[in-house]
Every structure is written in C-alpha cells, then in structure tokens.
Amino acid sequence: MPNVFIKTYGCQMNQRDSEQVARMFTEGGYTVTNDEFEADAILVNTCSVRDQAEQKALGKMGSMVRHRQKRPHVVYGFMGCMAQSRGQELFQNVPHLDVVVGTQKYHKVFEYVDGILQNRLERRMDDLKLTYKGDHICDVEEEKDSQNTIKDHVNNTTDPTAFVSIMQGCNMKCSYCIVPDTRGRERGRPIAEIVEECKTLASRGVKEVTLLGQIVNLYGRTEFPKVDGKSPFVQLLEAVHEIEGIDRIRFTSPHPIGYRDDLVEAFTYLPKLCSHIHFPMQSGSDKILKAMRRPYKNEKFVEIIKKMKAARPDMAITTDIIVGFPGETEEDFMDTLNTVKELEFDNCFVFRYSQRRNTPAAEMLEQHTEKTKEDRNQRLLAVVNEIAQRKNHALIGTVQEVLCTGPSKNNPNTLNSRTPQNKIVILEGNPDRLVGKVFKAKITECTGFTLYGTPLID
Ligand code: SAM
Ligand code: SF4
C-alpha cells in the first residue's frame, strides 16, 4: 500500500483542503503517513499570504528531495495558494517537482499523483536507470463549482471538532492581500449540502463545527435570497443549529462589511453559537484602513463589537492586525494600539506587513523597513499579551463549560479542551470518559496563555 505525506501551511481553509485530499488518497488505497521518509507521494499545501509562508514551503520542499536517493519513485507536489499564484514557474525553482495543483483543483490531486506514481513503478520494473522527466503536471485552471468539491472528511479520526468550508474565494480587493488572486471570486455551497455534511459529521461523533470562508458572513449573498430579512449566512446558521448531535457552532472569519443586525441577533436565540468571534480589524487608523481598501471606519468596527458584547456578555473577541503598512505613521500606529487597549481583545494575531506580488500596496512608495515593522510588532504584542494574560488570570476559580478534544500535543498524559470563548484548558482525567464530551471544569491555574482545570463530571 503506498504512503502519502501531506504538509500543510497557512489557514484553516488549507487544513480543510488537505483533509479532503487525504480522504481521496485513503479512498484510493493509500495510507496517510506522518513520516516523510516512508512516503511514496509528498505533497505540500502552500500559503501565499506572507512571503515567509512561501519561503517555508519552498525550503521544506527543497529539503525533501533527499528522499529520492533511497526512493527514486517518490512523487512531489505543490498544492494551494502558492501553486496557484506561481504555477509553471515553480518547476524552475524546484527541479524535482512533479505536480503543481491550484486552489480550484484539489479534487484532481489524487488522479495526477497516483497516475505518475503508478507509471514510475511500472517503468522501474523495465528500466532501473530511468529518468523521470516529462511527468510534469501543472493544473491551475478555474473550475466552475469547485467550492462543492471540499465536502468529505477523513473517517478514522476521533476528533470531536471539524472544519466545514462553506464557500471559496473573495470579492474584496484589500490592497495588501493576494487571496482574491489565489482563491478567485466568492462562491458559496448550497445550504442543503453543507447541512448534509454536518449531519454526517454528527453521526460520527463530531460535536463542534467551524464554518469557514474568507468573508464568512457574506456567504451566499450572490447566490441565495434573503428570507424574512435574514441573510443566507444566518439562514445557514439556523439550519446547522437544528442538527442533533452538533452542540457547538463557530465560524471564521467575519468582516465588518455585511455584519448586520440579523447576525448580531442570531447570538441571542441560537445557544449553540459559541461566544467567540475572530474579527480581523487590520488597523485602528481610518487613514490606513482607507489605504488598505477596507471599506469601514474604526468607529464602525468598535460599534459592531459593542453590539456583539451586548448580545452575548461573555463574548470573546480575537483579531488580526497588520503593522508597518506603507505610510503608517507613528500616530496611525498609536491609533491601533489605543483601539487594542480600548477593546481588550482576548487575543490578537499581529502580522508585519509583507509585500505581495500584483497587489497595489506593494507598489506604494512609503514602504517601511523591517526594523520599523519589527519594532511596532513587539510594542503591539507586549500590549496584546498583557491583556490576554490578565483576562486568562481572571478566570482562575471560575467554572467553565469545555469540550474535551483529545490528548494534549505537548504532554499526551493530559487532555486538551476548549471553552466556548475558544480558550484552551488543560485537564487531567481518563480520555475514555472525557474526550468528545462537553462538561464543566473548574479553572485552577493559569500560566501565560494556558489555563489548567479540574473536570467536574461524574
Ligand atoms: N478574509 C479575512 C479578512 O479579511 O478578515 C482574512 C484572511 S487573510 C488570509 C488572514 C490575515 O492575514 C489577514 O487578516 C491579515 O491580517 C493577514 N494578511 C493578509 N495579507 C497580508 C500581508 N500582505 N502582509 C501581512 N499580513 C497579511
Ligand atoms: Fe484578503 Fe481582504 Fe479578502 Fe480578507 S477580505 S481575504 S484580507 S482581500
């Protein structure tokens, strides 16, 4: 039985896409391995959002060429965003590469890779000195309805949480972002198909689903009508809420555009919606938001958060912020810092602005040095971390409802769980009794970002 090794960089969408690919390989008779040394096919699912992510993927692929020495038949492939944006050019950068597959063609990866592998194994029997030139496949074409192909999950997992991709693409044109280029136009899946997928997951013991989209709250706006003043996204949330066995619903990432009162209200009557949103702010300066082509002002962003906290007083908010955007003055940066202090985010991903090909911001004149970006990054992180740790410390002694997700990665003798606010709580206890269950836990300790608790369950 051949083995496939899949390395994934980037966001949850990429993780989800990799899972779909893994499922197709297992259906085709492969075993998914965590050991690249025993792999017959090596796939790297790539991210292009920042240059660093591209460099990591290129570095990893470059280092894995050594496996060919012992296993000359190994098939190498790039998938995802960098594959989409660089296409053919990757074959020049990485001479041992066999396959490049874009973001609308994940469902073809198995066919391409397995075809080459079978070919090589057959040919090898006839001629051991064979060179493998001429096997290159590059498929980065658009494909209608490709959003409907990310729908299957790996069967043999006991994970009680799952990602569900409800749409693909993005119609915004944020001036720094490569995603509209790599993922194409916004395309939603039909509600009925998403609900069917969630039902299948529930029947396998999944308790929590996270609905994924680039601007998830705009789901279906071009395909499906509003009903009773409710957006297609809220209709979808209501439909998933009906599913027996699904106890928790999350979504990521929402955007201030189209974040209307029907969605705020949904948090008052859909108790399975978790009290957490990851709500990217990008900057606290109106001038920079405008230069970023983010169509909202800081005041609007703050207003939505206030409404969300009124709808759910225990709501946790996390965010993304870019520092060192071209033209960002010290005063603009202070606007961001002050908004972070005012809103007290539960956590924040801070990114140093990275110039991306074919984006307007990359051509802007007032680019910052890496030193300025790093300096702002550190100053903002210090504030973000102080707030996050203070909030975590305040939870000591409280009782929280957690979903136990499985053994902790750092210490497999302990168990991981998450609160509705998406905070990780480490527990001790019997996995057979706790994994996959929602129960109360008393928070006993906090070190930095990690909470520790005692399960309160019979
Ligand atoms: N669609 C989501 C939104 O607009 O809210 C964000 C998706 S994007 C893949 C994830 C995050 O990467 C963004 O929120 C942004 O902070 C960051 N990002 C995107 N392009 C970037 C760039 N050129 N440099 C640094 N960070 C970037
Ligand atoms: Fe990129 Fe902006 Fe679209 Fe988010 S909304 S994926 S940041 S273009």
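By the naming in an unreviewed UniProt entry, the chain goes by tRNA-2-methylthio-N(6)-dimethylallyladenosine synthase and is assigned to Rubritalea spongiae. Under Sequence similarities (unreviewed entry), UniProt gives the following word-for-word description of the chain: "Belongs to the methylthiotransferase family. MiaB subfamily." In UniProt, the chain has this text filed under Catalytic activity (unreviewed entry): "N(6)-dimethylallyladenosine(37) in tRNA + (sulfur carrier)-SH + AH2 + 2 S-adenosyl-L-methionine = 2-methylsulfanyl-N(6)-dimethylallyladenosine(37) in tRNA + (sulfur carrier)-H + 5'-deoxyadenosine + L-methionine + A + S-adenosyl-L-homocysteine + 2 H(+)".

Draft legend 1. Examining the site of ligand 1 more closely. Around ligand 1 sit 16 residues in total, of which Q214, Q282, R294, D320 and S354 are the nearest. One nitrogen or oxygen atom from the side chain of R294 is found 2.9 Å from an oxygen atom belonging to ligand 1. Its free accessible area being 570 Å², ligand 1 has 91% of it covered by the protein chains. Contributing elements (two or more residues each) for the shell around ligand 1: β13 (316-323) and β14 (347-352). Here the shell around ligand 1 is composed, by residue class, of seven nonpolar, four polar and five charged.

Draft legend 2. Seen up close, the UniProt feature "binding site: [4Fe-4S] cluster 1" (unreviewed entry) in the chain. Mapped onto the present numbering, the UniProt feature "binding site: [4Fe-4S] cluster 1" (unreviewed entry) falls on C11, C47 and C81. Taken together, the annotated residues stretch across 71 residues yet fold into one region, lying no more than 10.7 Å apart by C-alpha. Relative to the helices and strands, C47 is located in the loop between β3 (41-46) and α2 (51-63). Ignoring sequence-local partners within four residues, the contact set of C47 consists of Y9, G10, N14, A53, E54, C81 and M82. Residue C81 is classed as buried on the basis of its relative accessible area, which comes to 7%. Apart from residues lying up to four places away in sequence, C81 is in contact with T46, C47, S48, T103, T182 and R183.

Draft legend 3. Examining the packing of helix α12 (residues 298-311) against helix α13 (residues 330-343) more closely. Running from amino to carboxyl end, α12 crosses α13 at an angle of 10°, the nearest separation of the two axes being 12 Å. The angle between the axes of α12 and α13 places the two elements in the roughly parallel class. Here N298, F301, V302, I305, K306 and K309 of α12 lie close against α13, whose contacting residues are T339, E342 and L343. Class assignment for the residues of the contact of α12 with α13 results in four nonpolar, two polar and three charged.

Draft legend 4. Region of interest: helix α14 (residues 370-393). When the terminal C-alpha atoms of α14 are compared, their 34 Å separation across 24 residues agrees well with the 34 Å that a helix rising 1.5 Å per residue should span. All of the buried residues in α14 are K373, R376, N377, L380, V383, V384, I387, A388 and N392. Against the buried residues of α14 lie β13, α13, β14, β18 (438-447) and β19 (450-456).

Draft legend 5. Spatial organisation of the site of ligand 2. Taken together, the neighbourhood of ligand 2 is formed by C170, M172, C174, Y176, C177, V179, P180, Q214, I215, H255 and R294. Residue composition of the shell around ligand 2, by class: eight nonpolar, two polar and one charged.

Draft legend 6. Focus on the pairing of strand β11 (residues 248-252). By the criterion of burial, β11 is predominantly enclosed, with five of the five residues buried. Judged by which residues are buried, β11 turns out to be covered on both faces: R248, R250 and T252 on one side and I249 and F251 on the other are all buried. Inspection of the sheet shows strand β10 (residues 208-212) paired to β11 by five bridges, in the parallel sense. Across the sheet, the residue bridging to T210 is R250, located in β11. In this fold, β10 hands off to helix α9 (residues 232-241), which returns the chain to β11; that crossover is right-handed.

Draft legend 7. Quick look at the pairing of β14. As judged from the six bridges shared by β13 and β14, these two strands associate in the parallel manner. Within β14, the position partnered with T319 by the bridge is C348. What joins β13 to β14 is α13, and the crossover it makes is right-handed.

Rules of the game
- Residues numbered from 1 in each chain as written.
- Chains lettered and ligands numbered in written order.
- Predicted model: local features only at pLDDT ≥ 70, side-chain atom pairs only at ≥ 80, totals over all residues.
- Heavy atoms only, no water.
- UniProt positions renumbered as here; feature names shortened; annotations may be inferred.
- Near = heavy atom within 4 Å.
- Polar contact = N/O pair within 3.5 Å; in protein donor to acceptor, adjacent residues only side chain to side chain.
- Areas by Shrake-Rupley, 256 points an atom, 1.4 Å probe, with all protein chains shown as cover.
- Helix = DSSP H or I, 4+ residues; strand = E, 2+ residues; numbered from the N terminus.
- Nonpolar A, V, L, I, M, F, W, Y, C, P; charged D, E, K, R; others polar.
- Contact = heavy atoms within 4.5 Å.
- Buried < 20%, exposed > 50% of the residue type's maximum accessible area, 1.4 Å probe, protein only.
- Axes fitted to C-alpha atoms, helices over the stretch in contact; angles between N-to-C directions.
- Parallel < 35°, antiparallel > 145°, perpendicular 65-115°, else oblique.
- Expected span 1.5 Å × (residues − 1).
- Pairing = 2+ DSSP bridges.
- Right-handed = clockwise from strand over helix to strand, strands pointing away.

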